[in-house]
Amino acid sequence: MASLSLRHIYKKYPGGVTAVSDFNLEVKDKEFLVLVGPSGCGKSTTLRMIAGLEEISEGELFIGDRLVNDVAPKDRKIAMVFQNYALYPHMSVFENMAFGLKLSKVPKETIKKKVEEAARVLDITHLLDRKPKALSGGQKQRVALGRAIVRNPEVFLLDEPLSNLDAKLRAAMRTELTKLHNRVETTFVYVTHDQVEAMTMATRIVVMKDGLIQQVDTPQRLYDEPVNIFVAGFIGTPQMNFLNGTLEKVGEDVFFNYEGNALKLPADKANNPALAEYIGKEVVAGLRPECIHDDELNIAKCEGATLDAFVDVTELMGAEIYLYLNVGEEGKLTARVSSRSTTRAGDTIKVGFDMTRLHIFDKDTERCVLH
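Residues numbered from 1 in each chain as written. Predicted model: local features only at pLDDT ≥ 70, side-chain atom pairs only at ≥ 80, totals over all residues. Heavy atoms only, no water.

Participant: Help me understand the sheet that holds strand β14 (residues 282-287) in this model?
Facilitator: Sheet strands pair by backbone hydrogen bonding; their relative direction is either parallel or antiparallel. The strand order β13-β12-β11-β14-β20-β21 describes an open sheet built from six strands, whose pairing is antiparallel. Pairing within the sheet leaves two strands with one partner each, and these edge strands are β13 (261-264) and β21 (368-370). With strand direction ignored, the average angle separating the axes of adjacent strands in the sheet is 45 degrees. When strand β12 (residues 253-258) meets β13, the two strands line up antiparallel, connected through four bridges. Considered in β13, the bridge of Asn257 is made with Ala262. (Pairing = 2+ DSSP bridges. Helix = DSSP H or I, 4+ residues; strand = E, 2+ residues; numbered from the N terminus. Axes fitted to C-alpha atoms, helices over the stretch in contact; angles between N-to-C directions.)

Here is the structure:
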């Protein structure tokens, strides 16, 4: 088992293109770390540098206490699972899983034992004689994982392994991967653009944008304490509402002025020294959809932070309803409310804001000033 250490890693391509900039990260032994971000943010490039499939332009990469910048991929004691599974079509499932061990001149009896053990863990024992063309997407995924498991790697690298599966199977495989990680007790580094995958599986998440790390934290802390507007908007579905307005102080109270409405901040936020320099200035406020209420009981708790909104569209999601609201001339909000809500499209309703959950961002730097 092994930890990973990436120190000031850069990936530069000819023509002045920098795909990854000053990447610093310590991955703990047996951790399930997820790299997440939009397409082109450098997450797959980072994974390929760990695997040795991309050359590191600058910086140092350690697996355990071993510097591996110049070590060949096959000697790094890592196993990689690709998006397209990369199975050999002319080989059976058993032969696909055994292929890497055969190349390493592992004895036949040991290969048989390792493959059968991995097949049992992944529940694919009954598929060992089949060819890949006779497998479903989920079964191919399991075979690709099995091929990695038999090598007993120190680090598992997974590059968007669930992106080719349908929604129901993806949800099931998320659970399977989490159980597999707990069973094999190996370090996992997982790349995805799907923040639901990241939130449900990771012990820690690395959020990337334009080749730079934005924040590294646990899923819950990323959700509750995003460091900037990008992270706040990227993590969470539906995404956080961003409200442009100004902060004003009246006596001891501080209000956020939004589309002609004065929304009162709770005392602990109003008295926070971090807000002092922003009084009278434009800021961006952030509020999660579940913090906007349309029911009387919760609105009553939002004293000093209510406004009228026009309901543009409603979406029934089963256990909840998404309300798409218009406020004033420019304000657009999304609320996540109970499925028992009687609100309908075309209604003008009163909504309450849970200001205890309000985030304040600097309009220029986009950094979070106050959670």
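Participant: Please explain the side chain of Arg142 as it appears in this structure.
Facilitator: You can see Arg142 is positioned in helix α4 (residues 137-149). Given the relative accessible area of 19%, Arg142 is considered buried. In this view, Arg142 contacts Leu122, Ile124, Met173 and Glu176; residues no more than four positions away in its chain are not counted. (Buried < 20%, exposed > 50% of the residue type's maximum accessible area, 1.4 Å probe, protein only. Contact = heavy atoms within 4.5 Å.)

Participant: Explain the pairing of strand β7 (residues 155-159) here, please?
Facilitator: The two faces of the sheet receive side chains in turn, since in a regular strand these alternate between them. Counting buried positions along β7 gives five out of five residues, so the element sits mostly inside the fold. Taking every second residue as pointing to the same face, both faces of β7 are buried, with Val155, Leu157 and Asp159 on one and Phe156 and Leu158 on the other. Of the pairings in the sheet, the one linking strand β6 (residues 78-81) to β7 comprises four bridges and is parallel in character. Counted as the bridge partner of Met80 is Leu157 from β7. As paired strands, β7 and strand β8 (residues 187-192) are joined by five bridges and run parallel to one another. Across the sheet, residue Leu158 finds its bridge partner in β8, namely Tyr190. Between the parallel pair β7 and β8, the chain is carried across by helix α5 (residues 167-184), and the sense of this crossover is right-handed. (Right-handed = clockwise from strand over helix to strand, strands pointing away.)

Participant: Explain the pairing of strand β18 (residues 331-338) to me, please; I cannot follow it from the model alone.
Facilitator: Sheet topology places strand β17 (residues 320-327) next to β18; eight bridges connect them, and they run antiparallel. If you follow Glu320 over to β18, its bridge partner there is Ser338. Where β17 hands over to β18, the hairpin turn is made up of three residues, of which Gly328 adopts a positive phi near 60 degrees.

Participant: How should unusual backbone geometry be read in this particular structure?
Facilitator: Apart from glycine, the bulk of residues carry a negative phi angle, and the bulk of peptide bonds sit in the trans form. Between Thr237 and the following residue, Pro238, the backbone shows a cis peptide bond with an omega angle of -10 degrees. With respect to the helices, strands and loops of the structure, Pro238 is situated in the loop between α8 (229-234) and β11 (241-250). Positive phi, close to 45 degrees, is recorded for Asp22, a residue that is not glycine. As for its position among the elements, Asp22 is in strand β2 (residues 17-27).

Participant: Looking at this structure, I do not really get α5. What am I missing?
Facilitator: An α-helix turns once per 3.6 residues; consequently, residues spaced three or four apart project the same way. Between its terminal C-alpha atoms α5 stretches 26 Å, which fits the 26 Å expected from 18 residues at 1.5 Å a residue. Among all positions in α5, only Arg170, Met173, Arg174, Leu177, Leu180 and His181 are buried. Down the axis of α5, the sector holding all buried residues measures 135 degrees, keeping them to one side. Residues of α5 that are exposed and point more than 90 degrees away from the buried face comprise Lys168 and Asn182. Packing partners of the buried residues in α5 comprise β3 (32-36), α3 (108-122), α4, β7, β8 and α6 (195-201). Capping of α5 at its N-terminal end is provided by Asp166; its side-chain oxygen lies 3.2 Å from the backbone amide nitrogen of Lys168. (Expected span 1.5 Å × (residues − 1). Arc of directions from axis to C-beta. Polar contact = N/O pair within 3.5 Å; in protein donor to acceptor, adjacent residues only side chain to side chain.)

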